[in-house]
Structures are given as structure tokens and as C-alpha cells.
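Take a look at the letters that make up each chain.
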Amino acid sequence: MKILAESLGRMRQKDCTDFINRTLAKHKVDAKFDSVDKLFRQATFGRYELPSRFGADTGYTEADLGVDSHSLIMLRDDFVNRGATAVTVGTRVFLSDRAFTRNDSYLNRDVADTPSIIVHELFHVARIDKRIVDSQQLTNEIREHCRKPGYSNPIILKH
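Just so it is clear, the model here is predicted, and its values are computed rather than measured.

Participant: Any details on the sheet that holds strand β3 (residues 92-95)? Residues and values, ideally.
Facilitator: Across the sheet, which stays open at both edges, the 3 strands sit in the order β1-β3-β2 with mixed pairing between neighbours. Looking at which strands have only one partner, the edges of the open sheet turn out to be β1 (44-47) and β2 (86-89). Going across the sheet, the axis of each strand differs from the next one's by a mean of 25°, ignoring polarity. Across the sheet, helix α5 (residues 69-81) touches β2 and β3, and the angle it forms with β2 is around 165°. Helix α6 (residues 114-125) rests against β1, β2 and β3 of the sheet, and its axis sits at about 15° to β2.

Participant: Let's hear about unusual backbone geometry: which residues, and what values?
Facilitator: A positive phi angle, close to 45°, is found at lysine 28, a residue other than glycine. By secondary structure assignment, the location of lysine 28 is in the loop between α2 (14-26) and α3 (36-42). With a relative accessible area of 72%, lysine 28 lands in the exposed category. A positive phi angle, near 65°, is found at arginine 127, a position not held by glycine. Mapped onto the secondary structure, arginine 127 falls in the loop between α6 and α7 (130-133).

Participant: Describe the pattern of salt bridges, and please don't skip the residues or the numbers.
Facilitator: Using the criterion set out here, one finds 10 salt bridges in the structure. With its nearest N and O atoms 3.0 Å apart, the salt bridge here joins aspartate 97 to arginine 47. Separated by 50 residues along the polypeptide, aspartate 97 in the loop between β3 and β4 (102-104) and arginine 47 in strand β1 bring together distant segments of the chain. The partly exposed category is assigned to aspartate 97, whose relative accessible area is 44%. The class of arginine 47 is partly exposed, set by a relative accessible area of 45%. Because the salt bridges share partners, they merge into one network encompassing Arg47, Glu49 and Asp97.

Conventions and cut-offs
Residues numbered from 1 in each chain as written. Predicted model: local features only at pLDDT ≥ 70, side-chain atom pairs only at ≥ 80, totals over all residues. Heavy atoms only, no water. Pairing = 2+ DSSP bridges. Helix = DSSP H or I, 4+ residues; strand = E, 2+ residues; numbered from the N terminus. Axes fitted to C-alpha atoms, helices over the stretch in contact; angles between N-to-C directions. Contact = heavy atoms within 4.5 Å. Buried < 20%, exposed > 50% of the residue type's maximum accessible area, 1.4 Å probe, protein only. Salt bridge = Lys/Arg side-chain N within 4 Å of Asp/Glu carboxyl O.

This is how it looks when you write it as C-alpha cells:
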């Protein structure tokens, strides 16, 4: 929760908020998604727990996640087979533990850029064209304006 609160605080900083609002306006999103505040009201956040390293499935059902059977299969594939950190289905944003990784030891600096990950997913919620949201150009812009202060891993797009 602390990492999530810090990330939301970063997203509320002027540079990030202005960037998000400019991007939403540029892509002429529906009025119910056209500001950071509206996006937060529309989006529902949830956790997607990955199967244990011993292969035990999490056993999610459609009802558990509030999605249809096709979306459940897609979520499982994206997280388990493709190594996704976060996935959006409609207005539901699912974050795995990878979105919150904080291992900043001297030899292994694995620090997730949680605010950038969330902004990326919010652009999916806003229904900006997937090709634009998943482009390296927009990913770099998100990182420039919204990244976690200090060292953090760049977002790696997995298609």
C-alpha cells in the first residue's frame, strides 16, 4: 500500500498530471476519461497473484476478477506466459507483484517504475489506441514525465 500511495502521489505531481491530461486531449478520448481525476474514478484496480514457483495455479474464476471467460484466459496468458507486470481489461487494471518490486541492493537493483506502469495502464482504460499506448514513443514520454524518482527499471513492453 505504501508503494501504491507513493506512486499515486507521484502521478498527482504537476508534470505527470499535465502530461496525462495533454495526452488524453491529444487523443480525443471520451469525456468520461478526459482527465486524471475522471480516469481514477472510472478505473478499478486489482491484484493478480501469479502462480507459485512450484506451478500451483491461482485458480481465479471470472467472478473472482469480474471479467468474462475470454478475458480470464487473456489475463492468465498475459501474466503467466508473457510475463506481464500489469494488464487492463476494460476499466479494470490488474497489477502483479512485479509492479511493486523494490529490491535495491547494491548488486541487484530491481526497482519497478510503479507510477509509469499505472499511467500506461490508465491510457488503456481511456481507450487510446493500443498501438499508440504500447509504442516505445509513448512509453518513453510516460517515463520522462511520471517515473518513480531515483533509479527504476524502464518499462519493458511485452507483446
